[in-house]
Amino acid sequence: MRGGGRAADVHTAPDVLSAPLRMRFDYTRSVGPTIGNFLTNLRARKLVGARGSDGRVLVPPPEYDPITADPLTEFVDVADTGTVESWTWVREPLPGQPFDRPFAWALIRLDGADTTLLHAVDVATPDAIHTGMRVTVRWAAETTGSIHDIACFEPGEKSGAPAESASDGEPITMITTPVDLAYKHTASPQETVYLRGLAEGKLLGGRTDAAGKVYFPPRGANPTDGRPTDEIVELPDRGTVTTFCIVNVPFLGQRIKPPYVAAYVLLDGADIPALHLVLGCEASEVRMGMRVQAVWKPREEWGFGLENVDHFRPTGEPDADYETYKHHL
Amino acid sequence: MAVVGFAHAPHVPETFGTTNGVEMLVPCFQQLYSQLGITKSDIDFWCSGSSDYLAGRAFSFISAVDAIGAVPPINESHVEMDAAWALYEAWVKLRSGQAKTALVYGFGKSSAGTLRQILTMQLDPYLVTPLWPDAWSIAGLQARAGLDAGRWTERDMAAVAAGEGGDVESLLDTPYVADPLRAHDIAPITDGAAAIVLAVGDRARELCERPAWITGMAHRVDTPTLGARDLTVSPSTSAAAQAVTGGNTSFDIAELHAPFSHQQLILAEAIGLTNGTKVNPSGGALAANPMFAAGLERIGFAAEAIMAGSANRALAHATSGPALQQNLVTVLDSEARR
């Protein structure tokens, strides 16, 4: 194996906090007339391609001619049998792939087509597939108008197409593709110090040096000059409301009944405010310059996050002079 | 216009840093500033390449700007591609007279997720991505196509991976990972970042004793429909190379961005490299493949050889997307020629 010398480059890693991060969402896309026609036909267990400017039959049909870039409008029926033009073997399938056991991917040229379609082939071992092998579509039991209407391909010539399914129904115009990706999210060294501080009930900011501005939460680098903000400063849990908004609109996942106040709180000694809740008084009483103090959750509920501070409440002190926070708005 | 400075983060399988790259980028910038005797205020334009999918968070490139320091405001841009394309954008900016200096950077923490799965997001989102074929599989289909066509052998692929004096036989004894690809055919997971400083004319001569002059730069793209093109050749690389070399393909060194062994064979042929050219003295992407910086590093390593005096004319190639979909070719020269 290659990679000699890499190990020598590894430097001692600080002990940073990390946690799993799973990113999931659905992409919903409009498919347009060309792919829409292909998918509408798939739903009816039929395969179509488009004839390109050079006379080739392109399957799947691209929206524009690869040579002239003109829209392609002439559709051509092709067979659900074809030939493997290239293949590769999947030893450890990933989530979302057509099988959860080893299988082959192949580029398959359907009979009547001049280009290839990428799909899975259901064979048990790599010995059971080869370039030039004849394969047939295995249709999904239920078709919906997506590439998954082809469950996979299987070895053999014989078309297994069931009696043509009803081809009525509205043309396919949209598809939804779920995305599900997993990460290991790592906090920076400065964020780690900050988060560990919170777990002990401390509010820690960071700066580059004694003359530098204090960032809360601390950042990986001072955004004014790019230098690391490695000097840690403990801040008090009281400060000043610099600006705020009253949330009147309900939304998914909301935990407090509107109206309530989301405010920027400038902790005493910090140079940038942090967003938090101001509760403990009528929303209409919150104002710029109001002095507030953290209300911590019970200690046994503390974790590694700013939600250890449940909210800020008014202290009753006189309002801060505008001059003291006008540079931090 | 010339490359006058290059720095890259250590090539490591995993860093402790965040996916926004700040921890890897800060030392790169500090190294360039001290090497060139400049500060960030000497840079007119900034451009970066990275991917939010690799980072697993939105707008990761905005957080990376912290590593520059954006006070007072800076001129900054970003491409969701390998940072070699960010360098192309900077090249256009400088050529059009809008800036005299530029700093280009790229970063990626491949270790944070499952790289071969994340790269599926680069594929056709209608008929291909929903099946979730991974990057190894797409490359495996390409490698098989070339084997079947007789364009290369598994031994040729292993020879690329082994490099000069490497043991090809023992590589061929190893098991397949994604048949016909073995572990040595696949670039390793690398976290990394890289940065390059560009400058024009006399400013380049002030900053660097032996600038690496960019005498040509072009990029082209092949159809995204994998089944509609011959995967065993790279017409877009040929077209880009022809545009910048004019057919003169004699180079002291060539840095080719080939994340899979067979792709180096495709690229060398597409460009028309001759035996006199030393290919990938840096080790190439098979030695270290920091995503979204590896293409920029090819330009950096090629430029470094010229700045150090070990090469007079060099070619750098970068790729982005699946199966060599997009390709960018840069020619660097020790003398400023137009």
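Residues numbered from 1 in each chain as written. Chains lettered and ligands numbered in written order. Predicted model: local features only at pLDDT ≥ 70, side-chain atom pairs only at ≥ 80, totals over all residues. Heavy atoms only, no water.

- Looking at an unreviewed UniProt entry, chain A carries the name OB-fold domain-containing protein, with the source organism given as Nocardia iowensis.

1. Examining the layout of surface pockets
Line of reasoning, step 1. Quantified by volume, the largest pocket comes out at close to 590 Å³.
Line of reasoning, step 2. Leu-119, Ala-135, Pro-259, Phe-260 and Asn-289 of chain B are, among the 35 residues lining the largest pocket, the residues nearest its centre.
Line of reasoning, step 3. Secondary-structure elements contributing two or more residues to the lining of the largest pocket are helix 5 (115-118), helix 6 (135-148) and strand 11 (313-320) of chain B.
Line of reasoning, step 4. Among the elements that line the lining of the largest pocket, the one with the most residues is helix 6 of chain B, at 4 residues.
Line of reasoning, step 5. Counted as a void, the second largest pocket has a volume near 510 Å³.
Line of reasoning, step 6. The wall of the second largest pocket is formed by 27 residues, among which Pro-62 of chain A together with Asp-124, Pro-224, Thr-225 and Leu-226 of chain B lie closest to the centre.
Line of reasoning, step 7. Of the residues assigned to the lining of the second largest pocket, the class counts are 17 nonpolar, 6 polar and 4 charged. (1 Å grid on protein atoms, 1.4 Å probe; cavity = no way out; pocket = protein on both sides within 12 Å on 5 of 7 lines; lining within 4 Å. Points joined across faces, edges and corners; volume = space filled by probe spheres on them. Helix = DSSP H or I, 4+ residues; strand = E, 2+ residues; numbered from the N terminus. Nonpolar A, V, L, I, M, F, W, Y, C, P; charged D, E, K, R; others polar.)

2. A word on the pairing of strand 5 (residues 81-90) of chain A
Residues and elements named next belong to chain A.
Line of reasoning, step 1. Among the 10 residues of strand 5, 9 are classified as buried, and the element is accordingly described as predominantly covered.
Line of reasoning, step 2. Sheet analysis places strand 5 next to strand 6 (residues 103-110), joined by 8 bridges and oriented antiparallel. Paired with Val-84 across the two strands is Ile-108, which belongs to strand 6. (Buried < 20%, exposed > 50% of the residue type's maximum accessible area, 1.4 Å probe, protein only. Pairing = 2+ DSSP bridges.)

3. Examining the sheet that holds strand 2 (residues 47-51) of chain A
Residues and elements named next belong to chain A.
Line of reasoning, step 1. Judged by pairing direction, the sheet is antiparallel, and its 3 strands sit side by side in the order 3-2-4 without closing on themselves. Each edge of the sheet is formed by a strand with only one pairing partner; in this case those strands are strand 3 (57-58) and strand 4 (75-78).
Line of reasoning, step 2. In this sheet, strand 3 lies alongside strand 2 in antiparallel orientation, the contact comprising 2 bridges. Across the sheet, residue Ala-50 finds its bridge partner in strand 3, namely Leu-58.
Line of reasoning, step 3. Running at roughly 155° to strand 2, helix 2 (residues 32-43) makes contact with strand 2 and strand 4 of the sheet. (Contact = heavy atoms within 4.5 Å. Axes fitted to C-alpha atoms, helices over the stretch in contact; angles between N-to-C directions.)

4. Comments concerning a nonpolar patch on the surface
Line of reasoning, step 1. A surface patch of nonpolar side chains, amounting to about 300 Å² of accessible area, comprises Met-288, Tyr-322 and Leu-329 of chain A.
Line of reasoning, step 2. Inspection of the secondary structure puts Met-288 of chain A in the loop between strand 15 (274-278) and strand 16 (291-296). (Patch = residues over 30% accessible without salt bridge, like charges linked within 9 Å, V, L, I, M, F, W, Y side chains within 5 Å. Areas by Shrake-Rupley, 256 points an atom, 1.4 Å probe, with all protein chains shown as cover. Salt bridge = Lys/Arg side-chain N within 4 Å of Asp/Glu carboxyl O.)

5. Structural notes on the pattern of salt bridges
Line of reasoning, step 1. Scanning all chains against the criterion turns up 31 salt bridges over all chains.
Line of reasoning, step 2. Two residues, Asp-54 of chain A and Arg-56 of chain A, come together in a salt bridge whose shortest N-O distance is 2.9 Å.
Line of reasoning, step 3. A residue is classified by how much of its surface remains accessible, and Asp-54 of chain A, at 40% relative accessible area, is partly exposed.
Line of reasoning, step 4. Taking the relative accessible area as the measure of exposure, Arg-56 of chain A reaches 26% and is therefore partly exposed.
Line of reasoning, step 5. For Arg-144 of chain B, the salt bridge is made with Asp-179 of chain B, and the minimal N-O distance between the two is 2.7 Å. One end of the pair, Arg-144 of chain B, is in helix 6; the other, Asp-179 of chain B, is in the loop between strand 5 (176-178) and strand 6 (181-182), and 35 residues separate them in sequence. Both residues of the pair, Arg-144 of chain B and Asp-179 of chain B, count as buried.
Line of reasoning, step 6. Several salt bridges converge on common partners, so that one network encompasses Arg-101, Asp-122, Arg-138 and Glu-154 of chain A.

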